[in-house]
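Chain residues, written in single-letter form:
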Amino acid sequence: MNQVLPEVDEGRPDLGIVQPGLERADIAFAVNGAAVSVNVPPLRRLSQVLRDELRLTGTKVGCDAGDCGACTVLVDGDPVCACLMPAASAAGASVTTVEGLANGLLSALQASFLAHGAAQCGICTPALLVAATALLDTTPRPTEIEVQDALGGILCRCTGYRKIIAAVMDASSQVASLDFRLPQSGHAIGASPVRLDGVPKVTGAEKFGGDSFPADALAVLVVRSPHYHAGFAFGDLDGWARKTPGIVGVFTAADIPGKNCFGVIGPFADQPALAEGFARLRGEAVALVAGEREAIFDLDLSDFPIRWTELPHVLQPSEAQAEGAALIHRNRPSNLLTSGFVERGDPEAALAGAAVTVTGAIDTSYVEHAYIEPEAGHAYMDADTLVVVACTQAPYMDRDDTAKVLGLAVDKVRIVPTATGGGFGSKLDVSLQPLIGLVALKTGRPAALAYTRNESMTSTTKRHPAEMKATIGADADGHVTGMIFSGDFNTGAYASWGPTVANRVPVHASGPYATPNYRAEGRAIHTHGPISGAFRGFGVPQATIMQETLYDELAGKLGIDRLDFRLRNCLRNGSETVTGQKLESGVGIAECLEALRPHWARAEADADAFNNANGDKKRGVGVASCWYGCGNTSLPNPSTIRVGIAADGTVILHQGAVDIGQGSNTVIAQICADALGLPLERFRLKSADTAISPDAGKTSASRQTFVTGKAAEKAGRALREKILRFANVSEKASLQLDGAAIVIREGEAARRIDLASLDMDADGFVFRAEETYDPPTLPLDAKGQGKPYAVYGYGAQIAELEVDLKLGTVKLIKVTAAHDVGKAINPLLAEGQIEGGIAQGIGMALMEEYIPGRTENLHDYLIPTIGDVPPIETILVEVPDPEGPFGAKGLGEHVLIPTAPAILNAIRHATGVLVTKVPATPTRIRAGIREKDGIREKEARA
């Protein structure tokens, strides 16, 4: 029996939009005030017509099912999902896209989005702007509830929505001619200029992975396994291709010219670009079909010549490790990928002698990244060089793996990152890069591929599900004396970032607390489930849930206030971590907790008052802390930055750190500007491109502000020193650009250098500098002792919520977040990162549970909407670290870590129930309440 994975999302209504054999028709309507006419099948999606026929790519496609709202446009003034509207329904109508919101200038709403930092990655921004425009046309000064109602159908995964709400509510007072002036020399650090890449995000001009496909590109479909584990055999592929109109070729593993194996960590690389003979997971790629765009639109793969033989599969680590379980990879006994281990002191003796001990177990689920942009890109041959233009977080890693798979020299592969519509870790792994590269290499024609939402969710990485146990002990004074932790992490069919999770978790599982006696083990175990990879925290969010919920229990047994208990035990300058690393300075967790103290007192008082007045609903308050090492664990982690001054006086910054919405394009430029001593407005960015920009490393592990920022600081200072030496002045001199001249002033003396009179190098620079920074770390020994990170970031959050005791539902009231950023390079962007991370933490805590085969779309898989994120109060704490640029630390990962445990602790405060299977859905909360009530009834009868 021939089977292929359906190309239509499960649960998606059959719109009949890509049915074969449809006749074309001329359809006339107006777009952004201009009359247009297209000749397309009448049932083709309006979103496809706008993007593919009219090249209005500001309208995005995130799901083709009306679930994400990214394709929202106005039709006769009303917001509609263009992916659900057949082109024929637009006949005679007036359509407005994001490109038509302003006439050459920014609208007041677009300016307000920039001023408030409401656009991060930017993939959902056009839809939000379009829908908000319709609201403001009828309600110029909307309330927050009205904004939430108007934008409730549009999902955003980056911002946490709070700045979007503020931007819309403030639009009526925002002038369209937003002041774009940038801070002057020496004042970029600590300022919040409009992000340097912001304007294209709000006008629709930003080009994401699927926005610039060449007109002559072959379209590519991926044939994927419908089974968790299966053998397969192909029939007559050539014959099928010949009889199918418009098909140019079918490609399998047999066509791969290089080593059919990739992976982000070389020694563990184990994943084929196209499976050979059998598939290890549902959604695994087994073949590629390349053809003309119209043919692929209408292609029916039901007769594709492949025969499947379903094989036994295991989805749980306990099954995979059971005696006699078949090996998923023959070279990995017991299906164990790897394990991480940290031990210090004598934890058993410490626990035996503790005045109080607590023990618990917590299980967490798969969590889907759910970025609104599915993977997309195109590839083409430039002479003998393969060029891949795609969304990514790691262009140099993509280059190396693509070259290996396709048998090319590294310098014959060029990766050009597009704007990336969210990543959060999953776009660190290659996805379509070697696939479209193979088609381009074999056919000589450009090849383009955009994943459907279904294939993105089935085939890409997830957050590791975890099964964790821990015991923590404390003395009678409330000081933690020992802890033992163990965690099994379901790493799925292939390695991906499993080794990083296994090694990072034991280092962090103590939390930011002094723990003199400690043992922790993290194990990454193979199953036939989805591949688990990097996701904002690399396993630390899961481990923190275990540790922080036990801390609440310990505080309760000791009769100590929960916030005070954490302050009593937190790391401080001079403390030693569980790896034996002495933290000489820059430890800001105590400052974060102290900053929360007045909010904690107010929240507890509010909860007490509410609970005294209510019976069926109870209010709870929870607190949790975090720490997170910035960068790779005990491994080289370099970034290189190049900066130069051109003959026309422009400062060119080769900024290779991919900006996925976190703001590296702006923050790293701010750092370099102040280090160099020239104004930010004279900087021009050359973004990541493996052919022209030095390697700034991957965008992950909260490393870019710290590591690449430090390289930018060094490069800026080195360039400044070269100019001062050329002018023969001291380091006290100031620099100023005056057109195509540079003016150096020292005291009353001034020297003017005509840049055009100087020799230029091959890159057009008259002055240049290139510097590399690699954080100083030390390897961990057999007991996990060493210096795994040069810099840590810290934070703490309070969650306030109400629980309906009858329904088990949770209403979030407020989150207060204090995070030590070392130095806030750009406070507005830092706030945006905190709010976005908290929104993802809310999803992890309360609703997000990826279930293979069931929640493979954005209808069944729930992420927070604009109505799910409560007010967030951000407190930026600045405890400088001497290692960071201008004292700065990483932030992106940290901000998600405390949210879920703070929410779980608040639920327990409200109900007396700790939910031990995350997410804490209403069903699980209600079951816990019933169990608790049943126990109380039995005790009362006894």
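Residues numbered from 1 in each chain as written. Predicted model: local features only at pLDDT ≥ 70, side-chain atom pairs only at ≥ 80, totals over all residues. Heavy atoms only, no water.

A. Layout of the overall build of the protein chain. When its secondary structure is counted, the protein chain shows 22 helices and 33 strands. The dimensions of the protein chain, computed from C-alpha atoms along their principal axes, are 85 × 80 × 60 Å. Looking at the protein chain as a whole, 64% of its 942 residues qualify as buried. For the protein chain, the share of sequence-separated contacts (at least 6 apart) that also reach a separation of at least 24 residues comes to 78%. Of the roughly 32,200 Å² of accessible surface on the protein chain, 50% is carried by carbon and sulfur atoms. Across the protein chain, the mean location of the 86 positive side-chain charges is 2 Å away from that of the 110 negative side-chain charges. (Helix = DSSP H or I, 4+ residues; strand = E, 2+ residues; numbered from the N terminus. Buried < 20%, exposed > 50% of the residue type's maximum accessible area, 1.4 Å probe, protein only. Contact = heavy atoms within 4.5 Å. Areas by Shrake-Rupley, 256 points an atom, 1.4 Å probe, with all protein chains shown as cover. Lys, Arg positive; Asp, Glu negative; His and termini not counted. Charge placed at Lys NZ, Arg CZ, Asp CG, Glu CD.)

B. The packing of aromatic side chains, seen in detail. Throughout the structure, instances matching the rule amount to 12 aromatic pairs. Each ring, one from Tyr551 and one from Phe565, has its centre 5.2 Å from the other, and the planes form 65°; the classification is edge-to-face. Pair noted here: Tyr551 is in helix α15 (residues 540-558) and Phe565 is in helix α16 (residues 562-569), with a separation of 14 residues, a long-range link. Comparing Tyr551 with Phe565 shows no difference in burial state: the two are buried. For the ring pair Phe706 and Tyr773, a centre distance of 5.8 Å and an interplane angle of 70° mean the geometry is edge-to-face. With Phe706 in helix α19 (residues 704-727) and Tyr773 in strand β30 (residues 765-773), this pair connects stretches of sequence that are 67 residues apart. Neither Phe706 nor Tyr773 differs from the other in exposure class; each is buried. (Phe/Tyr/Trp six-rings, centres within 6.5 Å; stacked < 30°, edge-to-face > 60°.)

C. Region of interest: the nonpolar core. Within the largest apolar cluster, 157 residues are counted, with the highest numbers of intra-cluster contacts made by Phe113, Leu151, Val168, Phe485 and Ile903. Setting aside residues up to four positions removed in sequence, Phe485 forms contacts with Met468, Lys469, Ala470, Val505, Ala509, Arg519, Ala520, Glu521, Ala543 and Met546. Formed by 48 residues, the second largest nonpolar core is a distinct cluster that contains Ile641, Ala657, Ala696 and Ala790. (Core = buried A, V, L, I, M, F, W, Y, C linked by side-chain atoms within 4.5 Å.)

D. Summary view of the pattern of salt bridges. Overall, the coordinates contain 52 salt bridges when judged by the stated rule. Of the charged contacts in the structure, one is a salt bridge between Arg162 and Glu144, with a shortest N-O distance of 3.1 Å. One end of the pair, Arg162, is in helix α5 (residues 162-169); the other, Glu144, is in helix α4 (residues 144-151), with 18 residues separating them in the sequence. Sharing partners across several salt bridges, the network here consists of Glu548, Asp552, Arg562, Arg566 and Glu604. (Salt bridge = Lys/Arg side-chain N within 4 Å of Asp/Glu carboxyl O.)

E. Molecular detail of the sheet that holds strand β21 (residues 480-492). Taken in spatial order, the 5 strands of this open sheet run β12-β22-β21-β20-β13, and their pairing is mixed. Whereas interior strands pair on both sides, the edge strands pair on one side only; in this sheet they are β12 (336-344) and β13 (356-363). With strand direction ignored, the average angle separating the axes of adjacent strands in the sheet is 5°. Strands in contact with helix α14 (residues 498-508) are β12, β21 and β22 (517-526); relative to β12, the strand with the most contacts, it is inclined by about 15°. (Pairing = 2+ DSSP bridges. Axes fitted to C-alpha atoms, helices over the stretch in contact; angles between N-to-C directions.)

F. A look at the pairing of strand β24 (residues 639-646). Burial analysis of β24 places 8 of its 8 residues in the buried class, which makes it a mostly covered element. Neither face of β24 is exposed, since Ser639, Ile641, Val643 and Ile645 on one face and Thr640, Arg642, Gly644 and Ala646 on the opposite face are all buried. Strand direction decides the pairing type here: β24 and β30, joined by 8 bridges, are antiparallel. Of the residues in β30, the one forming a bridge with Ala646 is Phe765.

G. Focus on the sheet that holds strand β31 (residues 792-804). Strand order across the open sheet formed by 4 strands is β23-β31-β32-β33, with mixed pairing between neighbours. Of all the strands in the sheet, just β23 (617-629) and β33 (872-877) have a single pairing partner and so form its edges. Each neighbouring strand pair of the sheet contributes to a mean axis angle of 15°, computed without reference to strand direction. Sheet analysis places strand β32 (residues 810-820) next to β33, joined by 6 bridges and oriented parallel. What sits directly across from Val815, in β33, is Ile872. Helix α17 (residues 589-613) rests against β23, β31, β32 and β33 of the sheet, and its axis sits at about 170° to β23.

H. Expanded view of the confidence of the model for the protein chain. Here the protein chain averages 95 in pLDDT, and 97% of its residues register 70 or above. Note that pLDDT drops below 50 for residues 1-21; the model gives that stretch 65 contacts with residues more than four away or on any other chain. (pLDDT = per-residue confidence, 0-100.)

I. Molecular detail of helix α3 (residues 125-138). Its 14 residues place the ends of α3 20 Å apart at the C-alpha level, agreeing with the 20 Å of an ideal helix rising 1.5 Å per residue. Counted residue by residue, α3 has 12 buried out of 14 residues, so it is predominantly covered. The complete set of buried residues in α3 reads Thr125, Pro126, Ala127, Leu128, Leu129, Val130, Ala131, Ala132, Thr133, Ala134, Leu135 and Leu136. (Expected span 1.5 Å × (residues − 1).)

J. Representation of the environment of Met847. With respect to the helices and strands, Met847 occurs in the loop between α20 (827-846) and β33. C-alpha of Met847 to C-alpha of Gly709: the two residues are 138 residues apart in sequence and 35 Å apart in space. Among residues more than four places away in sequence, those in contact with Met847 are Ile842, Leu862, Ile863, Pro864, Asp868 and Pro919.

K. Expanded view of the packing of helix α2 (residues 108-116) against α5. Relative to each other, α2 and α5 sit at 140°, their axes nearing to 8 Å. In terms of orientation, α2 lies oblique with respect to α5. Read as a crossing pair, α2 and α5 show a hand that is right-handed. In this structure, α2 uses Leu109, Ser112, Phe113 and His116 to contact α5, whose residues at the interface are Lys163, Ile164, Ala166, Ala167 and Val168. Looking at the contact of α2 with α5 residue by residue, the class counts come to 6 nonpolar, 2 polar and 1 charged. (Parallel < 35°, antiparallel > 145°, perpendicular 65-115°, else oblique. Left-handed = near helix turned anticlockwise from the far one by under 90°. Nonpolar A, V, L, I, M, F, W, Y, C, P; charged D, E, K, R; others polar.)

L. Spotlight on the state of the cysteines. Summed over the entire model, instances satisfying the criterion amount to 0 disulfides. Looking at Cys81, it has no disulfide partner, and the nearest cysteine sulfur is the one in Cys71, 4.4 Å off. Here Cys156 is not cross-linked by a disulfide; its sulfur's nearest cysteine counterpart is in Cys124, at 3.5 Å. (Disulfide = S-S within 2.5 Å.)

M. Looking closely at unusual backbone geometry. With an omega of 15°, the peptide bond running from Val918 to Pro919 counts as cis. As for its position among the elements, Pro919 is in the loop between α21 (899-911) and α22 (922-941). Non-glycine residue Arg55 carries a positive phi angle of around 60°. Counting through the fold element by element, Arg55 comes out in the loop between α1 (46-53) and β3 (72-75). Of note, the phi angle at Phe424 is positive, near 60°, even though the residue is not glycine. Structurally, Phe424 can be placed in the loop between β17 (413-417) and α12 (433-443). Its relative accessible area of 11% is what places Phe424 among the buried residues.

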